[in-house]
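# Structure assessment
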Amino acid sequence: MKTRTSRQQQALETKSKLIDAALRTFSRKGFSESTTKDIAKEAGVTDGLIYHYFQSKEDLLWAILDKYTLLHSIRQALAAMDKQAPLEHNLTAYFQALFRNLREQQDLVVMCFGEAQRNPEIRARVEDIIREGVELLYAFVARQVHLDPRELLVAIRNVQTSMVFYFLMTARFADDDTQSTEYIRISVKQFLNIVD
């Protein structure tokens, strides 16, 4: 494995700093209203430096989605599952972790869903993330239930989508997690009734 030179390390740190500044800027102003000058100011650099690392504001958005994608946390949540525990327990833990991550990234999530309505490229990227998240959960659940694969895939897509939309419309505004915990509990039970 090659070690990075200090110049390469500094370049990676600068690129990461620009991605984080773009995330803060897009979350505060929205993607459409943000400019590269706004991002540069947030990062404390000249706006020309952005173009050394990224071709456009859109490239910065893709970099944010790659760095902060919920797929990382979905993979971590699934890897942390207790394979010996009942599916109900694991699904409840999985959706609780999903809600925690949605809450931590809520500005980005809300911005992406809003921009997806206006920008077909963003919509396609969000759809890809959702599809891959569904496929990851399907791979975990399919080992534990005996249901036609197409029906199981639809059931998983429905429960995962309902969780995300519930979060967007309700849970992110709640002062505590009581209502979300109950929603997750009931949704998991309903899902298991369908797949059992």
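Residues numbered from 1 in each chain as written. Predicted model: local features only at pLDDT ≥ 70, side-chain atom pairs only at ≥ 80, totals over all residues. Heavy atoms only, no water.

## Observations concerning the packing of aromatic side chains
Applicable threshold: Pairing of aromatic side chains requires ring centres within 6.5 Å, counting the rings of Phe and Tyr and the six-membered ring of Trp. Pairs whose planes differ by under 30 degrees are stacked, by over 60 edge-to-face, and all others tilted. The rule is simple: take the accessible area with a 1.4 Å probe, protein chains only, and divide by the maximum for that residue type; under 20% is buried, over 50% is exposed, in between is partly exposed. In this description a helix means any DSSP run of H or I spanning at least four residues, a strand means any run of E spanning at least two, and both kinds are numbered starting from the N terminus.
Following the criterion strictly, the structure yields 6 aromatic pairs and no others. Both rings, one in Tyr94 and one in Phe95, keep their centres 4.9 Å apart while their planes meet at 75°; by these two values the pair is edge-to-face. Accessibility classification places Tyr94 together with Phe95 in one group, the buried group. Centre to centre, the rings of Phe113 and Phe165 are 5.9 Å apart; their planes meet at 70°, and the pair counts as edge-to-face. Here Phe165 lies in helix α9 (residues 149-169) and Phe113 lies in helix α7 (residues 106-116), a separation of 52 residues in the sequence.

## Things to note about the UniProt feature "DNA-binding region" (unreviewed entry) in the chain
Cut-off, in case you're wondering: UniProt positions are given in the numbering used here, feature names are shortened, and annotations may be inferred rather than shown by experiment.
The feature "DNA-binding region" (unreviewed entry), as annotated in UniProt, sits at residues 35-54 in this numbering. Overall, residues 35-54 shows 75% helix and 0% strand. The separation of its end C-alpha atoms is 13 Å.

## Some points on helix α6 (residues 87-104)
Threshold: A helix's residues, less one, multiplied by 1.5 Å, set its expected span. Here, two residues are considered to be in contact whenever any of their heavy atoms come within 4.5 Å of each other.
Across its 18 residues, α6 extends 26 Å between first and last C-alpha, which sits within 8% of the 26 Å expected from 1.5 Å per residue. Within α6, the full set of buried residues consists of Leu87, Asn90, Leu91, Thr92, Tyr94, Phe95, Ala97, Leu98, Phe99, Asn101 and Leu102. Against the buried residues of α6 lie α5 (70-79), α7, α8 (120-142), α9 and α10 (178-195).

## Some details on the packing of helix α4 (residues 57-68) against α7
As a reminder, the rule being used: Note on definitions: angles span 0 to 180 degrees between N-to-C directions of axes, and those axes are lines fitted to C-alpha atoms, for helices only across the stretch in contact. Just so you know how the angles are binned, under 35 degrees is roughly parallel, over 145 roughly antiparallel, 65 to 115 roughly perpendicular, and the rest oblique. Working rule for handedness: look at the near helix, and if it is turned counterclockwise from the far one by less than a right angle, call the crossing left-handed; if clockwise, right-handed. Any residue that is not Ala, Val, Leu, Ile, Met, Phe, Trp, Tyr, Cys, Pro, Asp, Glu, Lys or Arg is counted as polar, Gly included; the first ten are nonpolar and the last four charged.
One way to put it is that α4 packs onto α7 with a least axis distance of 12 Å and a crossing angle of 130°. Taken together, the axes of α4 and α7 are oblique relative to one another. Considering the relative orientation of α4 and α7, their crossing is left-handed. Taken together, the residues of α7 that come into contact with α4 (itself represented by Leu61, Ile64, Leu65 and Tyr68) are Leu108, Met111 and Cys112. A class-by-class count of the residues in the contact of α4 with α7 yields 7 nonpolar, no polar and no charged.

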